[in-house]
Amino acid sequence: MWASGFMLLCLVVFVIGLVTGPVLMLFPVYAEEILEEDALFAALLRALPIGLGGIAALIGGSLSDRFGRKLTLLLGMTGAIAVGGLFTTQTPLFIWGILCYEGIASGFKTAGGQSYLISAVPPNKLGLATALYFISTTLGSALGSAMAGEVIARIGYQVFGGSAVLLVGILFLGACLFLPKISQEYRSVRDKRGETSLINAFQAYMDLTRRREMRMLIGLRLLPTYYWGSVNLLMPVLISRIAGIKTTGYYGAMSLLFAFGCQLATGKICDTVGHRAPAFVSAATVTLLAFGVAFFHKSLVALEIFGVLGTGAAWALSTTIPRFINEFTAPDEKGHGVGMTHLAWSAGFLAGYVASGFLVNFSVQIPFIVAGIFLTASTAIAYRLWQEG
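Residues numbered from 1 in each chain as written. Predicted model: local features only at pLDDT ≥ 70, side-chain atom pairs only at ≥ 80, totals over all residues. Heavy atoms only, no water.

**Student:** Account for the overall build of the protein chain, naming residues and giving values.
**Tutor:** A count of helical and extended segments in the protein chain gives 14 helices and zero strands. Its helices and strands taken in sequence order, the protein chain reads α-α-α-α-α-α-α-α-α-α-α-α-α-α from the N to the C terminus. A compact globule built from 389 residues would reach a C-alpha radius of gyration of about 21 Å, and the protein chain, at 19 Å, matches this within 12%. Overall, the protein chain is about 60 × 45 × 35 Å in size when its C-alpha atoms are taken along their principal axes. A burial count over the protein chain gives 59% of its 389 residues as buried. Taking the intrachain contacts of the protein chain between residues at least 6 apart in sequence as the baseline, contacts between residues at least 24 apart amount to 88%. For the protein chain, the exposed area adds up to about 15,300 Å²; of that, 70% sits on carbon and sulfur atoms. (Helix = DSSP H or I, 4+ residues; strand = E, 2+ residues; numbered from the N terminus. Rg over C-alpha atoms; globule rule 2.2 N^0.38 Å. Buried < 20%, exposed > 50% of the residue type's maximum accessible area, 1.4 Å probe, protein only. Contact = heavy atoms within 4.5 Å. Areas by Shrake-Rupley, 256 points an atom, 1.4 Å probe, with all protein chains shown as cover.)

**Student:** Now, about the pattern of salt bridges: what can you tell me, with residues and values included?
**Tutor:** Under the defined criterion, the tally for this structure stands at seven salt bridges. The shortest N-O distance in the salt bridge between Glu388 and Arg212 comes to 2.7 Å. Taken as a pair, Glu388 in helix H14 (residues 365-388) and Arg212 in helix H9 (residues 212-243) lie far apart in primary sequence, 176 residues in all. In this structure, Glu327 and Arg276 form a salt bridge, with 2.5 Å as the shortest nitrogen-oxygen distance. Here Glu327, found in helix H12 (residues 300-328), pairs with Arg276, found in helix H11 (residues 276-295); they are 51 residues apart in sequence, far enough to count as distant. Where salt bridges share partners, they join Arg212, Arg384 and Glu388 into one cluster. (Salt bridge = Lys/Arg side-chain N within 4 Å of Asp/Glu carboxyl O.)

**Student:** Explain the side chain of Gln114 residue by residue, including any values.
**Tutor:** Relative to the assigned elements, Gln114 resides in helix H4 (residues 92-120). The contacts of Gln114, once residues within four sequence positions are left out, are Lys109, Tyr133, Phe134, Pro322 and Val338.

**Student:** I'd like to hear about the packing of aromatic side chains, residue by residue, with values.
**Tutor:** A full pass over the atoms with the stated rule returns twelve aromatic pairs. When the centroid spacing of 5.5 Å and the interplanar angle of 20 degrees are considered together, the rings of Phe349 and Tyr353 count as stacked. Separated by four residues within a single helix, Phe349 and Tyr353 lie in helix H13 (residues 334-359), roughly one turn from each other. Centre to centre, the rings of Phe358 and Phe362 are 5.2 Å apart; their planes meet at 75 degrees, and the pair counts as edge-to-face. Phe362 sits in the exposed class, given a relative accessible area of 60%. Among the aromatic residues, those joined into a cluster by ring pairs are Tyr133, Phe134, Trp228 and Trp315. (Phe/Tyr/Trp six-rings, centres within 6.5 Å; stacked < 30°, edge-to-face > 60°.)

**Student:** I'd like a description of the packing of H9 against H14, backed by residues and values.
**Tutor:** Close contact between H9 and H14 brings their axes to 9 Å; oriented N to C, the two are set at 150 degrees. Our classification of the angle between H9 and H14 gives roughly antiparallel. Considering the relative orientation of H9 and H14, their crossing is left-handed. Looking at the contact of H9 with H14 residue by residue, the class counts come to 19 nonpolar, three polar and three charged. (Axes fitted to C-alpha atoms, helices over the stretch in contact; angles between N-to-C directions. Parallel < 35°, antiparallel > 145°, perpendicular 65-115°, else oblique. Left-handed = near helix turned anticlockwise from the far one by under 90°. Nonpolar A, V, L, I, M, F, W, Y, C, P; charged D, E, K, R; others polar.)

**Student:** Outline helix H5 (residues 126-154), listing residues and values.
**Tutor:** In this model, H5 (29 residues) spans 42 Å end to end at C-alpha, consistent with the 42 Å of a helix rising 1.5 Å per residue. Where burial is concerned, most of H5 is hidden: 21 out of the 29 residues are buried. At the exit of H5 stands Gly156, carrying a positive phi of roughly 135 degrees. (Expected span 1.5 Å × (residues − 1).)

**Student:** Tell me about the nonpolar core, and please be specific about residues and values.
**Tutor:** Grouped together as the largest cluster of nonpolar side chains are 46 residues, with contacts concentrated most on Phe6, Leu117, Tyr133, Tyr227, Met235 and Phe368. No other element matches the nine residues that H9 contributes to this core. Every residue in contact with Met235, bar those within four places of it in the chain, is listed here: Ser230, Tyr251, Val293, Leu303 and Gly307. Membership of the second largest hydrophobic core comes to 31 residues, among which are Phe41, Ala148, Ile152 and Phe172. (Core = buried A, V, L, I, M, F, W, Y, C linked by side-chain atoms within 4.5 Å.)

**Student:** Explain the state of the cysteines to me, using residue names and the numbers behind them.
**Tutor:** Within the structure shown, the criterion is met by zero disulfides. The closest cysteine sulfur to the non-disulfide-bonded Cys176 is located on Cys10, 18 Å from its own sulfur. Exposure remark for Cys176: the relative accessible area of 33% places this residue in the partly exposed category. (Disulfide = S-S within 2.5 Å.)

**Student:** Go over the environment of Ile381, please, and point to the residues and values.
**Tutor:** Tracing the backbone shows Ile381 in helix H14. Taking C-alpha positions, Ile381 is 38 Å from Val168, a pair spaced 213 residues apart along the chain.

**Student:** Account for the confidence of the model for the protein chain, naming residues and giving values.
**Tutor:** Residues at a pLDDT of 70 or more form 92% of the protein chain, whose mean pLDDT is 84. Note that residues 184-196 has pLDDT below 50 and, in this model, 20 contacts with residues that lie over four places away or in other chains. (pLDDT = per-residue confidence, 0-100.)

**Student:** Residues and numbers for the packing of H5 against H12, please.
**Tutor:** It is at 9 Å that the axes of H5 and H12 come closest, and there the two elements cross at 135 degrees. Considering the angle they form, H5 stands oblique to H12. When the axes of H5 and H12 are compared, the crossing they make is right-handed. The segment H5 lies against H12, with Leu126, Gly127, Thr130, Ala131, Phe134, Thr137 and Thr138 engaging Trp315, Ser318, Thr319, Pro322, Arg323 and Asn326. The residue makeup of the contact of H5 with H12, split by class, is five nonpolar, seven polar and one charged.

Below you can see the structure in the form of structure tokens.
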């Protein structure tokens, strides 16, 4: 019964990834080529929306636990409809408005989608299901990146942006009609707790932060995404400068397709041996690769190798997070757990994105060295969780 809803959920996040992945990845290039601005401009323009996404995830987590997973997910999908318009204008204020709305909606999408996943899938299948869920996003982003590079190089940014709006609009209508609501079993658990007020929702988050294991999970989510923010800003620009926009698009496709395999393998391993050891191995691997990018950033081959491997390791680490949330939270706390960890993700991504846009003006190496230091700390947390497991 749960399988049909899960497959439709994967289709939803696949199409969202198909659209939002390449748009957000190529935005720094768009800012440099079309808007004639530098990397710091792109970073600052995206800074507030990323922060809004993290705050919105807290609200989305409460909405998901109170009103349902599907409604929260549908609200999040509206951001994917709007983001295609990013490439149809050169007005900074309009671009900022689109990014702000997409950031808020992404918080709802993450809270609704991941809590839907955790609540709908049996615990003994959650590792593989999580991998398939993230793979759907990854595969969508990979295919979208390859197509975006070709379309933009041949026709232009505006055609791609308009097509993206139309595609997600059709998907939204389909999800409204066919995506099933979560099971009655979950709703009965929620109803026993009762409808929560805003104050009680805030109290629920405070209760979670008092738990030591949740604080460690927040660190495991926040620190690695500093690196991910740095990579998302700088890697497309560095590769585009060396080899052009088409190569940048194909790099995005290759890195995400490699992440496809890493996520699938990690999901199966998590269902077999647990999620703590894979989290440690993934965190340690991405740490080494971040330092590799720092010291070999002038070579296209090195950038592609370290970037592709780093993407796979980062996504493998992300694949373990829903299992940690499921382990550390009660059935009626899943939305709050997702909201809190996504706020941590947004804070890390925001810090990496903005700080790297500033630090790269001094040296390309510095942003990745700083990211490597943060990753070292996250590896220590992952090791501690592994030892305590």
